[in-house]
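Topology and contacts: notes
Here are the chains, one letter per residue:
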Amino acid sequence: MKSINEVELDPNEILRKYPAELWGVDEYLWLVNNIKKIDEANLESYAKVFRSYWGVHTSTESIARGIKKARNDDGATFKDICEVLSEKSLEKVTASKILGVLDPERYPIWDSAVSEVLKIGNPTGSFDIKLNTAHKTYKELIDNYDQALKPEPSPLCNKLIDAFNEKFKSYPDIENMSNMKKVDFFIWASIFPILK
């Protein structure tokens, strides 16, 4: 896995390409601000919004189960959430997004953009082998972010965070967004073309 500190990201170039409304910051903040508040009766409705925002293929019902497991079990791991989401296919992206929304200071997103930028391969083998490999890789991804952001952000991360804060300074609650997610937004935007 490539270190976040070794990635070449130009925040000014990325911000120039992507108008603020394409970043989905309002929707993301709504998900973060409501994941712990939403009651059980409305969890599937929340899961529909979650599914739509992230564009994941995991069923709404599975997402609701994953969120419930993550909220109700403080010790729930990435592996536990993957197992709740599906017994047949590895739903590592959805699991990381559930954890990343529930506790964005602690858990990074692991999607195709992160995999491409940080050179993370997909696990292969039986479901159990893929699950165990993904769990180990996710721990390494957490360590990678921790090394880049803690105790103080690296020069690259500082540059990204400062540019993000400046671009979105008028957004309510922007100061509450985790630095990890701000860096993740740049990783995502560096890979994907602008949607029209």
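To keep things clear, this report deals only with the structure shown in the data block. Each chain carries its own residue numbering, running from 1 in the direction its sequence is written. Predicted model: local features are reported for residues with pLDDT of at least 70 only, side-chain atom pairs are reported and counted for 80 or more only, and whole-chain, interface and lining totals are derived from all residues. The side-chain numbers reported here are obtained from all heavy atoms of the structure, hydrogens and water having been left aside.

1. Some details on the overall build of the chain
For the chain, the helix and strand inventory stands at ten helices and zero strands. Put simply, DSSP H or I for four residues or longer makes a helix, DSSP E for two residues or longer makes a strand, and each gets a number counted from the N terminus. Mapped from its N terminus to its C terminus, the chain presents α and β elements in the order α-α-α-α-α-α-α-α-α-α. Put simply, the radius of gyration uses C-alpha atoms, and a globule should come to 2.2 Å times the residue count raised to 0.38. Its C-alpha atoms give the chain a radius of gyration of 16 Å, within 12% of the compact-globule value 16 Å for 196 residues. Principal axes of the C-alpha set define a box for the chain whose edges measure 40 × 35 × 35 Å. Three exposure classes are used, based on accessible area relative to the maximum for each residue type with a 1.4 Å probe and protein chains only: buried under 20%, partly exposed in between, and exposed over 50%. Put simply, the chain has 196 residues, and 49% of those count as buried. Only heavy atoms matter for contacts: two residues are in contact if any of them lie within 4.5 Å across the pair. For the chain, the share of sequence-separated contacts (at least 6 apart) that also reach a separation of at least 24 residues comes to 67%. Per-residue and other accessible areas follow the Shrake-Rupley method at a 1.4 Å probe size, with only the shown protein chains counted as cover for residues. Element-wise, carbon and sulfur atoms account for 48% of the exposed surface of the chain, whose accessible area totals about 10,200 Å². His residues and chain termini do not enter the charge count, which takes Lys and Arg as positive and Asp and Glu as negative. Just so you know, the charge point we use is NZ for Lys, CZ for Arg, CG for Asp and CD for Glu. Both charge centroids of the chain, one from 27 positive and one from 31 negative side chains, sit 3 Å from each other.

2. A word on the packing of helix H3 (residues 43-54) against helix H4 (residues 60-72)
Each packed pair of helices is defined by two parameters, the angle between the axes and the distance between the axes. Orientation is described by lines fitted to C-alpha atoms, with helices fitted over the stretch in contact, and by angles between N-to-C directions that extend from 0 to 180 degrees. Closest axis-to-axis distance for the H3/H4 pair is 8 Å, and the angle between their directions is 110°. It follows from the interaxial angle that H3 and H4 lie roughly perpendicular. Contacts between H3 and H4 involve Leu 43, Glu 44, Tyr 46, Ala 47, Lys 48, Phe 50 and Arg 51 from the first element and Thr 60, Glu 61, Ile 63, Ala 64, Ile 67, Lys 68 and Arg 71 from the second. Orientation is classified from the angle alone, with under 35 degrees giving roughly parallel, over 145 giving roughly antiparallel, 65 to 115 giving roughly perpendicular, and any other angle giving oblique.

3. Some words on the packing of aromatic side chains
Only the six-membered ring of Trp is used, alongside the rings of Phe and Tyr, when aromatic pairs are assigned; centres must lie within 6.5 Å, and planes under 30 degrees apart are stacked while those over 60 apart are edge-to-face, with the rest tilted. Inspection of every chain in the model, using the stated rule, returns 20 aromatic pairs. Both rings, one in Tyr 28 and one in Phe 185, keep their centres 5.9 Å apart while their planes meet at 80°; by these two values the pair is edge-to-face. Pair noted here: Tyr 28 is in helix H2 (residues 25-34) and Phe 185 is in helix H10 (residues 179-191), with a separation of 157 residues, a long-range link. For the ring pair Tyr 46 and Phe 50, a centre distance of 6.5 Å and an interplane angle of 40° mean the geometry is tilted. Placement of both Tyr 46 and Phe 50 in helix H3 is noted, with a separation of four residues, approximately one turn of the helix. The cationic tip of Lys 181 hangs over the ring face of Tyr 28; the distance from NZ or CZ to the ring centre is 5.2 Å. Only Lys NZ and Arg CZ are tested; either one counts as a charge over a ring when it is within 6 Å of the ring centre and within 35 degrees of the ring normal. The cationic tip of Lys 181 hangs over the ring face of Phe 185; the distance from NZ or CZ to the ring centre is 4.3 Å.

4. What about the nonpolar core?
Nonpolar side chains in soluble globular proteins tend to end up buried together. Trp 23, Val 25, Tyr 145, Phe 164, Val 183 and Phe 186 are the most contacted members of the largest nonpolar core, which has 67 residues in total. No other element matches the nine residues that helix H8 (residues 127-149) contributes to this core. Beyond its immediate sequence surroundings of up to four residues, Phe 164 is in contact with Trp 23, Val 25, Ile 174, Met 177, Lys 182, Phe 185 and Phe 186. Residues belong to a common nonpolar core when they are buried Ala, Val, Leu, Ile, Met, Phe, Trp, Tyr or Cys residues joined through side-chain atoms within 4.5 Å.

5. Regarding the pattern of salt bridges
Side chains bearing opposite charge may pair, as long as their charged atoms lie close to each other. Within this document, salt bridges are pairs made up of a side-chain nitrogen of Lys or Arg and a carboxyl oxygen of Asp or Glu, the two lying within 4 Å of each other. Applying the stated criterion to the full structure yields nine salt bridges. Between Lys 136 and Glu 140 there is a salt bridge; the shortest N-O distance is 3.8 Å. Taken as a pair, Lys 136 and Glu 140 lie in helix H8 at a separation of four residues, close to a single helical turn. Its relative accessible area of 54% is what places Lys 136 among the exposed residues. By relative accessible area, which is 35% here, Glu 140 ends up partly exposed. As a salt-bridge pair, Lys 150 and Asp 146 come within 3.3 Å of each other at their nearest N and O atoms. Look at Lys 150 and you get partly exposed, because its relative accessible area is 47%.

6. Some points on the side chain of Thr 137
Within the fold, Thr 137 resides in helix H8. Judged by its relative accessible area of 14%, Thr 137 falls in the buried class. Those residues within four positions of Thr 137 in sequence are excluded, and the remaining contacts are Met 1, Trp 110 and Ile 120.

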